[in-house]
Every structure is written in C-alpha cells, then in structure tokens.
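Report on the structure
One letter stands for each residue in the lines below.
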Amino acid sequence: MLGIYDNEMKLEFVSKSSNEAFARISVAAFASQLDPSIDELADIKTAVSEAVTNCIIHGYENTMGIVKVECKLKNNWIEIQVSDSGKGIEDIELARRPLYTTKANLERSGMGFTIMESFMDELKIESIPNMGTKITMKKYIMPLEEESKDGQEECKQKEGI
Amino acid sequence: MECIYIPKDKLLAIKIAEEIDENSTEKLRRKIDNEITRFMPRKVIFDFGNVSFMDSAGIGMLLGRYKVIRMLGGNLELTNVNKQIEKIFEISGILKIIPLTKSEEICEYGGKNVGNI
C-alpha cells in the first residue's frame, strides 16, 4: 500500500555475486535520506551484503535466479526485505547459529545471520523449503541531536564541568 | 595489491586494496596463496588500510589463508583495520587466532616492494 511509509523502493537483480556491491551501495544511498551516521550506514551495508550473498550462494546455489530487495522508510527507521525464490532453509534455528554453515568446504564462516543480527535492530527469517527465503531487517537511526548531545556531555565530563 | 617482502625476517606484507565480499574472495585467495607459496614466509601481515568494506566472506577467506600459512610454518597478523571491519572481527572471534598488529612494524623492517598483484 503506497503512502503509509515516508518512502519506498524496490530492486530486482540477477543472482550474480558482482551485484552484491550494487545492492549494498544502492540501499545505503536510499537509507542516507534518514541522515544516518557513517557507522550506521556501514552496518546497513554489511547486513545487506550478508543477506544478498545468502540468496546467491545458498538460495540459488550459484544458479540463475532473481534477488529482490525492498526498502521502506518511516520516521527514524528503515526496513529492508531481501528475498529469493530458491531452495529455502530446512532448519532456521540451526542456520541462525553462529559458525553453522552448510558449505564449510568452501571457506564459509557461518557468520552471516550473526552479523545481520548484531548490526541491525530486528531480524526476521521466513523460509519455505523449495519455495524461497525472505529476510526482514529493521534499523533505527539515532537522531543527530541526541548523538551530539551525548558528545557534548562526554566533552563536559572530560573537562570536569 | 602491493606486496612487500623482507628476506631477513621472512616477513611478507600484503596491502589488500579492494572491497572484500563473496565476489572478490576467490580472486584474492588465488593471488595471496600464490605469494605465500612463492616466499614461504615466517610471518604474513595483511594491511587493511585500503579495504573500505568487508563482510563475513572475508572471515572465511582469512581463516583459509591462516590455515595455509600455519601449515607452512608461518604466522598471520592484520593491521590498519577500520572500525567497522574490526567489529566484524570481534563478533567472529577471529582475533583470538589472527591478532591485530601495529602498522609501523612493516616500516621498521624496511622491506621492499616485490610486486603488485
């Protein structure tokens, strides 16, 4: 439904790993409307990269498919949905576990979901085997004033005021 | 990527100069392993000064290089890592086996450039 968010966008691209950079840079450019800090923007880029890589490597297992990225902005948050119509995840709890990987022989770290979880504020994984996987993540952007207020207080504390 | 080798200390420093993700790791892996087998160094330092982005694909790549280097009797260290990438290292626990080191160390040794790969 159009209009219930402040802004929305949707990307669709072929599951080539050369599109990982395209996806994370596009989402970061879109998210920059919320005036995020450099750190917050870097968190978003990393999480998107992880999600898109999962679609390409695990969802489609390096075969051709379409990866979809949808972003919604509202007030001070961004919601990012990354989905594929690939093979799906059998056991989501297991897949979320740090260091768990189905492809250890290919030098995979098994840290993808752990990184998404720690860099974003909310992470939801929905998957149906042989139908596909949808990741929904949300990040709240701290208003600039609060950050600078904290900064001022830190300065005051340091100066002993 | 710039490679610096110091024969007296058998130290190989590799300045990685690209974003590290799933798309770039295969090429990096090949190039780095080439240099490692060429010099058989006792110590390898990866300089992250020009790496603006890395995701978990980088962790897998680093662990793989760590295994190769250890197998050949060397050690691996990292330097010039930015804040975001350090956060990923901390979450993954990789710093327990691949420590961060100060970048001055490479300069102190006075190595020479042995090629751009």
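To keep things clear, this report deals only with the structure shown in the data block.

This part is about the overall build of chain B. A count of helices and strands for chain B gives four helices and five strands. Listed N to C, the secondary structure of chain B is β-β-α-β-α-β-α-α-β in terms of helices and strands. Taking 2.2 N^0.38 as the reference for a compact globule, 117 residues should give roughly 13 Å; the C-alpha atoms of chain B span a radius of gyration of 13 Å, in line with that estimate. The buried share among the 117 residues of chain B stands at 38%.

Attention shifts here to helix H1 (residues 19-31) of chain A. In an α-helix, one turn spans 3.6 residues; hence positions three or four apart end up facing the same way. Helix length check: H1(A), at 13 residues, gives a terminal C-alpha distance of 18 Å against a target of 18 Å (1.5 Å per residue), a fit within 8%. Buried within H1(A) are the following residues: A:Glu20, A:Ala23, A:Arg24, A:Val27, A:Phe30 and A:Ala31. Along the axis of H1(A), the buried positions cluster into a sector of 130 degrees, meaning they face one direction only. Considering only its buried residues, H1(A) is in contact with strand E1 (7-14), helix H2 (38-59), strand E2 (66-74) and strand E3 (77-84) of chain A together with helix H1 (22-39) of chain B.

This part covers the nonpolar core. Where a protein is soluble and globular, its nonpolar side chains tend to be buried together. Residue and element names in this part refer to chain A. One finds Val-27, Ala-47 and Val-48 to be the most contacted residues of the largest nonpolar core, which totals 62 residues. Among the elements that make up this core, the one with the highest residue count is H2 (ten residues). Here Ala-47 is in contact with Ile-115, Met-116, Phe-119, Met-120 and Met-137, once residues within four sequence places are set aside.

Residues and elements named next belong to chain A. For the pair H2 and helix H4 (residues 112-119), interaxial distance at closest approach is 9 Å and the crossing angle is 150 degrees. Taken together, the axis directions place H2 and H4 in an arrangement best described as roughly antiparallel. At the point where H2 passes H4, the crossing takes the left-handed sense. For the pair H2 and H4, contact is made by Asp-43, Thr-46, Ala-47, Glu-50, Ala-51, Thr-53 and Asn-54 and by Gly-112, Ile-115, Met-116 and Phe-119, respectively. Here the contact of H2 with H4 is composed, by residue class, of five nonpolar, four polar and two charged.

Cut-offs applied
- Residues numbered from 1 in each chain as written.
- Chains lettered and ligands numbered in written order.
- Predicted model: local features only at pLDDT ≥ 70, side-chain atom pairs only at ≥ 80, totals over all residues.
- Helix = DSSP H or I, 4+ residues; strand = E, 2+ residues; numbered from the N terminus.
- Rg over C-alpha atoms; globule rule 2.2 N^0.38 Å.
- Buried ≥ 20, exposed ≤ 12 C-beta atoms within 10 Å, placed from the backbone.
- Expected span 1.5 Å × (residues − 1).
- Arc of directions from axis to C-beta.
- Contact = placed C-beta atoms within 7 Å.
- Core = buried A, V, L, I, M, F, W, Y, C linked by C-beta atoms within 7 Å.
- Axes fitted to C-alpha atoms, helices over the stretch in contact; angles between N-to-C directions.
- Parallel < 35°, antiparallel > 145°, perpendicular 65-115°, else oblique.
- Left-handed = near helix turned anticlockwise from the far one by under 90°.
- Nonpolar A, V, L, I, M, F, W, Y, C, P; charged D, E, K, R; others polar.

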